[in-house]
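Remarks on the overall topology
Here's the letter readout for the chains.
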Amino acid sequence: MSTLELAGKHLVLGLSGGIACYKAAELCRALVKAGASVQVVMTEGATHFITPTTMQALSNRPVYVDPWEDRAAADGSNNMPHINLSREADAILIAPASADFMARLLHGRADDLLALLCLARPLARVPLIIAPAMNREMWQHPATQRNVAQLRADGAHVLDVGQGEQACGEVGDGRMLEPEDILADVVAFFQPQSMRGQRVLITAGPTYEAIDPVRGITNRSSGKMGFAIAQAAAEAGAEVTLVSGPVALKTPRHVQRVDVRSAREMLAAVQSHADQADYFVACAAVADWRVDGESERKIKKDGSGDTPALRFVENPDILATIAQSERAESGALYCVGFAAESHDLLKHAQEKRQRKGVPLLVGNIGPDTFGHDHNRLLLVDAQGSMELPEASKLTLARELVAEMARRRAA
Ligand code: CTP
């Protein structure tokens, strides 16, 4: 993730009492590294798990705990930290949020500074993001589940819980998400929701066409652009399915990933999801040909110096196949193609858009971008073309997602 995703954002990071407070230290550091300014507020319970000194050092600001302290009065202000702290914030993030703290929020209790400032925040302007953390039995308890549902109904953004081994030794749902996942969810929270409720199907990466069990033909696509589009679409509120060839990339949060190897496997996976999709983005570098008659056994040298004669057959064109479907032709499924060219980008992109029969084609210079984190894109549609200047693949992906949503709506 780029380092300054939260530049200009001011967050109140609230800690309630729980063993997951140890992760709040790393979270605080990650938020600051991402460019946010962070004001830490702790419940008295939280101070039993981690000291305000630690949180102060990581946030570079004095920590607030006590609703009665008169620190604010010393600077001539109104001595109302519960009012002042929330007014400045772009969001209040409670991490960890204990079962008890959520129960207190739910009832609008104001018996400590953190609960008080959550209650006193301007509802329409300062969102509340909650990262629950508790034992699995506590998490599953109907009281907690009822509280989570009610907190959501009251407008809070409750994050998922993590799954796995817990501090108490039990295994299950309920532990706090890892700091990097909370950071990703907070970054996503601030993105425009241009694809809320939409379903997006994406292909990414290369395909691998086997010659025999140990050899194959593939290409230099890293999958980074397709993965960035999957992340951007998920951040924009879409339900994303990412069909990926062999790549070494982490699946973006909240994205359903389907791993495939060959072009034909990719086509089958795409066809099984295309019926439910609103968008299809073909970002994969699909091998145009596969070896005719893959050998079941490793091809051996026979000592004669002769080389094996490989014959090729053409692979199915996944994008063209989907673009010709009834749903795509009726406009129910909006298809986007990619073109990796080495020269004459505009001309080739225009021709390719027509040939593939898609409303939008995204061109880039392949050799300039393979494996890199940066790129430049050229968007070509029936109206003309538009350049997205050099930026990180994630920035470009967010711009592309916004353009897709705008064009589809128009
Ligand atoms: N594509 C696909 N299935 C294929 C080949 C390509 O879905 N078998 C998709 C790619 O994902 C991309 C677009 O089609 O969105 C363009 O692919 P590209 O290989 O660049 O174009 P080709 O049609 O193969 O044309 P050329 O080789 O002449 O550049």
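Notes on the structure follow. (Residues numbered from 1 in each chain as written. Predicted model: local features only at pLDDT ≥ 70, side-chain atom pairs only at ≥ 80, totals over all residues. Heavy atoms only, no water.)

To continue, consider the site of the ligand. Taken together, 13 residues sit near the ligand, with Ala-282, Ala-284, Leu-319, Phe-338 and Lys-352 positioned nearest. Contact between the ligand and Ala-284: an oxygen atom at 2.7 Å from a main-chain N or O atom of the residue. The separation between an oxygen atom of the ligand and a polar main-chain atom of Leu-319 is 2.8 Å. With the chains in place, 78% of the 570 Å² that the ligand exposes on its own is no longer accessible. Elements supplying a minimum of two residues to the shell around the ligand: α12 (318-323), β16 (334-341) and α14 (345-356). Top contributing element to the shell around the ligand by residue count: α14, with 3 residues. (Near = heavy atom within 4 Å. Polar contact = N/O pair within 3.5 Å; in protein donor to acceptor, adjacent residues only side chain to side chain. Areas by Shrake-Rupley, 256 points an atom, 1.4 Å probe, with all protein chains shown as cover. Helix = DSSP H or I, 4+ residues; strand = E, 2+ residues; numbered from the N terminus.)

For the structure on display, the rule yields 2 aromatic pairs. Measuring from ring centre to ring centre gives 5.6 Å for Phe-189 and Phe-190, while their planes differ by 80°; the resulting arrangement is edge-to-face. Residue classification places Phe-189 among the partly exposed residues on the basis of a relative accessible area of 26%. Given a relative accessible area of 24%, Phe-190 falls into the partly exposed group. Judged by centre distance (6.0 Å) and plane angle (70°), the rings of Tyr-279 and Tyr-334 are edge-to-face. A residue pair is termed long-range when its members are at least 10 positions apart, and Tyr-279 in strand β13 (residues 279-282) and Tyr-334 in strand β16 qualify at 55 residues. In this arrangement the basic side chain of Lys-9 is found over the ring face of Phe-190, its NZ or CZ atom lying 4.8 Å from the centre. Over the ring of Tyr-279 we find Arg-408; its NZ or CZ atom is 5.2 Å from the centre of that ring. (Phe/Tyr/Trp six-rings, centres within 6.5 Å; stacked < 30°, edge-to-face > 60°. Buried < 20%, exposed > 50% of the residue type's maximum accessible area, 1.4 Å probe, protein only. Lys NZ or Arg CZ within 6 Å of the ring centre and 35° of its normal.)

Let's shift gears to unusual backbone geometry. For the bond from Ala-95 to Pro-96, the omega torsion is 5°, close enough to zero to count as cis. Along the chain, Pro-96 turns up in strand β3 (residues 91-97). Phi at His-254 is positive, roughly 65°, even though this residue is not glycine. A positive phi is found at Asp-344, a non-glycine position, where the angle reads about 45°. Structurally, the position occupied by Asp-344 is in the loop between β16 and α14.

All right, on to the pattern of salt bridges then. By the definition in use, this model includes 24 salt bridges. Two residues, Lys-356 and Asp-317, come together in a salt bridge whose shortest N-O distance is 2.7 Å. A residue pair is termed long-range when its members are at least 10 positions apart, and Lys-356 in helix α14 and Asp-317 in the loop between β15 (312-314) and α12 qualify at 39 residues. Accessibility expressed as a relative area gives 16% for Lys-356, which makes it buried. Residue class for Asp-317 comes out partly exposed when judged on its relative accessible area of 32%. Of the charged contacts, one joins Arg-406 and Glu-403 as a salt bridge, the two residues approaching to 2.6 Å between their closest N and O atoms. With Arg-406 and Glu-403 both in helix α16 (residues 393-409), this residue pair falls 3 residues apart, about one helical turn. (Salt bridge = Lys/Arg side-chain N within 4 Å of Asp/Glu carboxyl O.)

Let us now look at helix α11 (residues 263-274). Counted at 1.5 Å a residue, the expected span for α11 with its 12 residues is 16 Å, and the 16 Å between its end C-alpha atoms agrees. For α11, every residue scored as buried is listed here: Ala-263, Met-266, Leu-267, Ala-269, Val-270 and Ala-274. Take α11 and look down its axis: the buried residues cluster within an arc of 165°, on one side only. (Expected span 1.5 Å × (residues − 1). Arc of directions from axis to C-beta.)

Strand order in this open sheet of 8 strands is β12-β11-β8-β13-β16-β17-β18-β19, and the pairing throughout is mixed. Whereas interior strands pair on both sides, the edge strands pair on one side only; in this sheet they are β12 (255-259) and β19 (384-392). Each neighbouring strand pair of the sheet contributes to a mean axis angle of 20°, computed without reference to strand direction. Pairing analysis gives 6 bridges linking β16 to strand β17 (residues 360-365), with the strands arranged parallel. Its bridge partner lying in β17, Val-336 is registered against Leu-360. The strands that α11 touches are β8 (199-204), β11 (239-244), β12 and β13; relative to β8, the one it contacts most, it runs at about 175°. (Pairing = 2+ DSSP bridges. Axes fitted to C-alpha atoms, helices over the stretch in contact; angles between N-to-C directions. Contact = heavy atoms within 4.5 Å.)

Among the secondary structure elements, His-348 is positioned in helix α14. Setting aside residues no more than four positions away along its own chain, His-348 makes contact with Glu-341 and His-343.

You can see Asp-381 is positioned in strand β18 (residues 374-381). Of the polar contacts made by the side chain of Asp-381, one reaches the backbone nitrogen of Gln-383; its length is 2.9 Å. When near neighbours in sequence (up to four residues on either side) are disregarded, Asp-381 contacts Arg-353, Pro-359, Leu-360 and Arg-407.

On to the packing of helix α1 (residues 21-33) against helix α2 (residues 52-59), then. Packing of α1 against α2 leaves a shortest axis separation of 9 Å and a crossing angle of 15°. Between α1 and α2, the angle falls in the class roughly parallel. In the crossing of α1 with α2, the sense of the turn from one axis to the other is right-handed. Residue-level inspection shows Ala-24, Ala-25, Cys-28, Arg-29 and Val-32 of α1 in contact with α2, the latter providing Thr-54, Met-55, Leu-58 and Ser-59. Of the residues in the contact of α1 with α2, the class split is 6 nonpolar, 2 polar and 1 charged. (Parallel < 35°, antiparallel > 145°, perpendicular 65-115°, else oblique. Left-handed = near helix turned anticlockwise from the far one by under 90°. Nonpolar A, V, L, I, M, F, W, Y, C, P; charged D, E, K, R; others polar.)

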